Amino acid sequence: MSIFDNPFDPDRKLRAGCACGQHRSAAEHEQAAACDPVESEEKRYEGVVASAVMRAMFPQDAARRAFLKSVGASTALAALSQFFPLKTATEVFADTGAPEKKDLKVGFIPITCATPIIMAAPLGFYSKHGLNVEVVKTAGWAVIRDKTINKEYDAAHMLAPMPIAISLGLGANAIPFAVPAIENINGQGIVLATKHKDKRDPKDWKGLKFAIPFDYSMHNYLLRYYLAEHGLDPDTDVQLRSVPPPEMVANLRADNIDGFLAPDNVCQRAIYDGVGFMHLLSKEIWDGHPCCSFAASREFITTAPNSFAALTRAIVDATAYASKAENRKQIAEAIAPANYINAPVTVLEQVLTGTYADGLGGVKTDAKRVDFDPFPWQSFAVWMLTQMKRWGQIKGDVDYKAVAEQVYLATDTKKLMTEMGLTPPGSSYKSFAVMGKNFDPEKPEDYVASFKIRKAS
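So, how was this worked out
Residues numbered from 1 in each chain as written. Predicted model: local features only at pLDDT ≥ 70, side-chain atom pairs only at ≥ 80, totals over all residues. Heavy atoms only, no water. Pairing = 2+ DSSP bridges. Helix = DSSP H or I, 4+ residues; strand = E, 2+ residues; numbered from the N terminus. Axes fitted to C-alpha atoms, helices over the stretch in contact; angles between N-to-C directions. Salt bridge = Lys/Arg side-chain N within 4 Å of Asp/Glu carboxyl O. Buried < 20%, exposed > 50% of the residue type's maximum accessible area, 1.4 Å probe, protein only. Parallel < 35°, antiparallel > 145°, perpendicular 65-115°, else oblique. Left-handed = near helix turned anticlockwise from the far one by under 90°. Contact = heavy atoms within 4.5 Å. Core = buried A, V, L, I, M, F, W, Y, C linked by side-chain atoms within 4.5 Å. Phe/Tyr/Trp six-rings, centres within 6.5 Å; stacked < 30°, edge-to-face > 60°. Polar contact = N/O pair within 3.5 Å; in protein donor to acceptor, adjacent residues only side chain to side chain.

1. Re the sheet that holds strand S11 (residues 292-297)
1) Next: Spatial strand order, S2-S1-S3-S11-S4: five strands in an open sheet with mixed pairing. The sheet terminates laterally at strand S2 (132-137) and strand S4 (177-182), the two strands that pair on one side only. Across the sheet, the axes of successive neighbouring strands diverge by a mean angle of 30°, strand direction being ignored.
2) Next: Pairing between strand S3 (residues 155-159) and S11: four bridges, direction antiparallel. Looking across to S11, one finds that Ala 156 is bridged to Ala 295.

2. Thoughts on the pattern of salt bridges
1) Next: Scanning all chains against the criterion turns up 18 salt bridges.
2) Next: For the salt bridge of Asp 255 with Lys 195, the shortest nitrogen-to-oxygen distance reads 2.6 Å. Taken as a pair, Asp 255 in the loop between helix H11 (248-253) and strand S9 (259-263) and Lys 195 in the loop between strand S6 (188-193) and strand S7 (209-212) lie far apart in primary sequence, 60 residues in all.
3) Next: What makes Lys 195 partly exposed here is its relative accessible area of 48%.

3. Here's the deal with helix H12 (residues 264-272)
1) Next: H12 sits mainly inside the fold: seven of its nine residues count as buried.
2) Next: Residues Asp 264, Asn 265, Val 266, Cys 267, Gln 268, Ala 270 and Ile 271 constitute the buried set of H12.
3) Next: The positive-phi residue at the C-terminal boundary of H12 is Gly 274, with phi of around 75°.

4. Considerations on the packing of helix H17 (residues 378-390) against helix H18 (residues 400-407)
1) Next: Their axes nearest at 9 Å, the elements H17 and H18 cross at an angle of 125°. With respect to each other, H17 and H18 are oriented oblique. With respect to the hand of their crossing, H17 and H18 are arranged in right-handed fashion. Across from Gln 378, Ala 381, Val 382, Leu 385, Thr 386 and Lys 389 in H17, the residues of H18 making contact are Tyr 400, Val 403, Ala 404 and Glu 405.

5. Some details on the nonpolar core
1) Next: Among the nonpolar cores identified, the biggest contains 92 residues, and Ile 164, Trp 205, Phe 260, Trp 383, Met 388 and Tyr 408 are the most heavily contacted of them.
2) Next: Excluding its chain neighbours within four sequence positions, the residues that come into contact with Tyr 408 are Ala 160, Ile 164, Val 179, Ile 182, Pro 376, Trp 377, Gln 378, Phe 380, Ala 381 and Met 384.
3) Next: Formed by 44 residues, the second largest nonpolar core is a distinct cluster that contains Leu 104, Ala 120, Ile 331 and Ala 334.

6. Observations regarding unusual backbone geometry
Both trends apply: most residues other than glycine have a negative phi, and most peptide bonds are in trans.
1) Next: Despite not being glycine, Asn 186 shows a phi value in the positive range, around 60°.
2) Next: Along the polypeptide, Asn 186 turns up in strand S5 (residues 185-186).

7. Focus on the packing of aromatic side chains
1) Next: Across all of its chains, the model carries 14 aromatic pairs by this definition.
2) Next: Residues Trp 205 and Phe 210 carry aromatic rings whose centres are separated by 5.3 Å and whose planes lie at 40° to one another, so their mutual orientation is tilted.
3) Next: Judged by relative accessible area, Trp 205 falls into the buried class, the value being 0%.
4) Next: Note on Tyr 225 and Phe 451: the rings are 5.5 Å apart at their centroids and 80° apart in plane angle, and the pair reads as edge-to-face.

8. A few points about the side chain of Ser 428
1) Next: Within the element layout of this structure, Ser 428 appears in the loop between helix H19 (410-419) and strand S15 (432-434).
2) Next: The class for Ser 428 is buried, based on a relative accessible area of 9%.
3) Next: There is a polar contact of 3.3 Å between the side chain of Ser 428 and the side chain of Lys 414.
4) Next: If we ignore the near neighbours within four places in the chain, the residues touching Ser 428 are Phe 375, Trp 377, Gln 378, Ser 379, Ala 410 and Lys 414.

Now the structure itself:
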């Protein structure tokens, strides 16, 4: 799915490639001694524009390859140039694409949810898009929020609901933030301490203590949803504590908590260390749910629009690479070092490949345990707002659609993906089911009112 494939090579698929964009596959990339930089910025932009045009004309690789083999690459290029001003388009793309600021800092929490943001550094996605990005390992979500607000970070890895909360002034002063890309879907789990192996029925969890990463997190909303669907009030029947993900396993080992809903690398580390077991994957609650996001302040987007666009392109490109199962082991090695996630490669491979020990003596396989899809569906934001309303984080009336469309930049991301030669969804909203209950983004208030267990308004 690299955007820098040669669109006039009849033997190359336009939707596959290596991290550097110069090889046909990850295997070919690994066989090369090193990835030399592309010839020039001009050649890079020329490739992007030509690739986008060829993809638009020939959505199916088979048709494009047949056309090129019949007329030849040079003839195809001449014909395309006759009907579409490739040179002019390339110059415009290059002029508008020059980053105002190339040296950037992006904060992240060391969890596999941040995979595209992290891997984009060692695998060269930032540099490929003309940026010099320092990805900065950060201790917790409040620190991420504060450092981004204080402009110590230009952009950051954030929990998907955080930019909504920041924009609404929940837990801090209201500052407009935006989400151009979702980092991951699925990829979380509920882990219980080993001593609770006989408590597989949530109805037996009254009085237990659970950790979540942050109040404004999908982990909080999914765990609350799961508990409530089993008849437990998360505010009275259990204790929920905010604990930074890197500290969760130690707290489980010390018996400070009985379990947690957390990123899969934290879950898998608890299993690896023998202190917990996997109760269920988050995808069993909602298959296809978002978790984390790539976010930036509106101020940064306004003052450095080209830098922001280049960052987003790098993240989208990295996310596309991470979505391919054949790349997951390479990615696990790239993000395992101490300056990134600081975890055994084995633990990260079990998360990213979907073949994992469950802590109960079994080995399970689920290729979609975690997946990567960058599109910021505005219906995701509406659902998060319903849960904020359900659990009393938001008081009064909510303009769900206005907030969703202000924070989740689906329209801008569609345009950017199209420019990159990718195919975004046709709509910014979709329906989905959470534990079998259908969610219609057009009827958020009805959805909130339908829950028996919720905080009184």
